[in-house]
Amino acid sequence: MKLSQNFLLSKTVAKSLCSAAQISKNDTVLEIGPGKRIITEELSLRAGKVIAVEADRDLCKLLEGKLSNNVQLISGDFLNVILPKFNKIVSNLPFKISSPALFRLFSLDWEKAVLILQKEFALRLVAKAGDRNYSRLSVASSFYCKAKILQTLPPTFFRPKPKVSAAVVLLEKAEPPFEASEEFWEFINKIFQHRKKILRAALKSAKLPTETKFGSRRVFTLNLSELKQVFEEICSVQTIKNQVSIRKQ
Ligand code: SAH
């Protein structure tokens, strides 16, 4: 398993992550990948409880016995472990799992997250409809959260030095604007595989009905409410087609 270990060198940054997340003794904070504790220690001073999930067994052995009483260490892959309840997340997220980790986090209940991410990934997370970086991740992020980049961190802030810069992102969980079914997210996945195409062509490539009033727009220019409308248009066409084919039988 690739563990994307780029350890943070700056205590000042570790402190500023905790400040940005406004950690207090009322909080239970999730940290994904505590590594050598640079963020964990700062969190344990400020939070009521810290849940630290680490996949590297050797690091877990080193961590045991060194952690404060209010830190619960869970040894395992964040993507598979059962998580206790928490309300905030502060983490220098292992790059390898950024995307699935964010999708797992979106589906859970929490208030605020402050994450170190690769800069390119962070730009996708905060992108708005029409931006060059607007992708499936941006759609999900804007559905579940308010997201903003707080700071860029050049490679020299980490050891070993990564090839690219990182960014600190603040996410605040928000009330979803509408109820989205699994089918809606499947639809988003399908059309965003053709994000630069005109919607009509993207729908055709995805083998979906092409009747929509947004047909001549490019996929990456559609905001959440427009995407919802396209999904509804397609569902109603599919329902009519199904009814017709049932009647023909
Ligand atoms: N928080 C530390 C370490 C960051 S490096 C610091 O900022 O210095 C990323 C950490 O995540 C490493 O400790 C790595 O072993 C751990 N990690 C990698 N993949 C993981 C996964 N799937 N689940 C949990 N931890 C993981």
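## Some words on the pattern of salt bridges
Point 1. According to the stated counting rule, one finds eight salt bridges in the structure shown.
Point 2. One salt bridge connects Arg217 with Glu226, and the closest N-O pair in it is separated by 2.9 Å.
Point 3. One network of salt bridges, in which partners are shared, links Lys11, Arg37 and Glu41.

## Remarks on the site of the ligand
Point 1. Within the structure, the ligand sits among 23 residues, and Gln5, Leu8, Gly33, Glu54 and Asp77 are positioned closest to it.
Point 2. Side-chain polar atom of Gln5 to an oxygen atom of the ligand: 2.8 Å apart, as the coordinates give it.
Point 3. For the ligand, whose accessible area on its own is 560 Å², the fraction buried by protein is 99%.
Point 4. Contributions of two or more residues to the shell around the ligand are made by strand S1 (7-8), helix H2 (38-46) and strand S3 (49-54).

## Focus: the side chain of Ser141
Point 1. Note on placement: Ser141 falls in helix H6 (residues 136-144).
Point 2. With relative accessibility at 2%, the residue Ser141 sits in the buried group.
Point 3. Separated by 2.8 Å, the side chain of Ser141 and the backbone oxygen of Leu125 make a polar contact.
Point 4. Residues within four places of Ser141 in sequence aside, it is in contact with Phe106, Leu125 and Ala147.

## Re the side chain of Lys112
Point 1. Looking at where Lys112 falls in the secondary structure, it is placed in strand S6 (residues 112-118).
Point 2. Accessibility expressed as a relative area gives 14% for Lys112, which makes it buried.
Point 3. A distance of 2.9 Å separates a polar atom in the side chain of Lys112 from a polar atom in the side chain of Glu172.

## What about the domain arrangement of the protein?
Interface size is commonly expressed as the accessible area that is lost once the parts come together.
Point 1. Along its sequence, the protein is carved into domain 1 (7-173) and domain 2 (182-248).
Point 2. Taken together, the 13 residues of domain 1 in the interface contact eleven residues of domain 2.
Point 3. Here domain 1 packs against domain 2, burying approximately 960 Å² in sum over the two surfaces, 67% of which is carbon and sulfur.
Point 4. Sorting the residues of domain 1 by area buried against domain 2 places Tyr134, Arg136 and Val139 first, and these three jointly supply 50% of that buried surface.
Point 5. Counting across the domain 1 and domain 2 interface gives zero salt bridges.

Quick notes on the rules
Along every chain, residues carry numbers that run from 1 in the direction the sequence is written. Per-residue local features of the predicted model are confined to residues with pLDDT of at least 70, and side-chain atom pairs are confined, for both listing and counting, to 80 or more; whole-chain, interface and lining totals are unaffected and use all residues. For side-chain calculations, the full set of non-hydrogen atoms in the structure is used, while hydrogens and water are omitted. Salt bridge, as used here: a side-chain nitrogen of Lys or Arg that lies within 4 Å of a carboxyl oxygen of Asp or Glu. Summary of the distance rule: residues count as near a molecule or strand when at least one heavy atom falls within 4 Å of that molecule or strand. Two N or O atoms count as a polar contact when they lie within 3.5 Å, although within protein this holds only if one can serve as hydrogen donor and the other as acceptor, and sequence-adjacent residues are included solely when both atoms are side-chain atoms. In these tables, accessible area is a Shrake-Rupley quantity obtained with a 1.4 Å probe, and a residue counts as shielded only by the protein chains included in the view. Secondary structure is summarised from DSSP: a helix means a run of H or I of at least four residues, a strand means a run of E of at least two, and numbering begins at the N terminus for each. Each residue gets one of three labels from its accessible area relative to the maximum for its type: buried under 20%, exposed over 50%, partly exposed in between, using a 1.4 Å probe on protein chains only. When checking whether two residues touch, look at their non-hydrogen atoms; a contact exists if any pair is within 4.5 Å. Per the annotation, domain bounds derive from an automatic or database assignment of domains. When two components associate, each loses some accessible surface as probed by a 1.4 Å sphere; the sum of these losses over both components is called the buried area.

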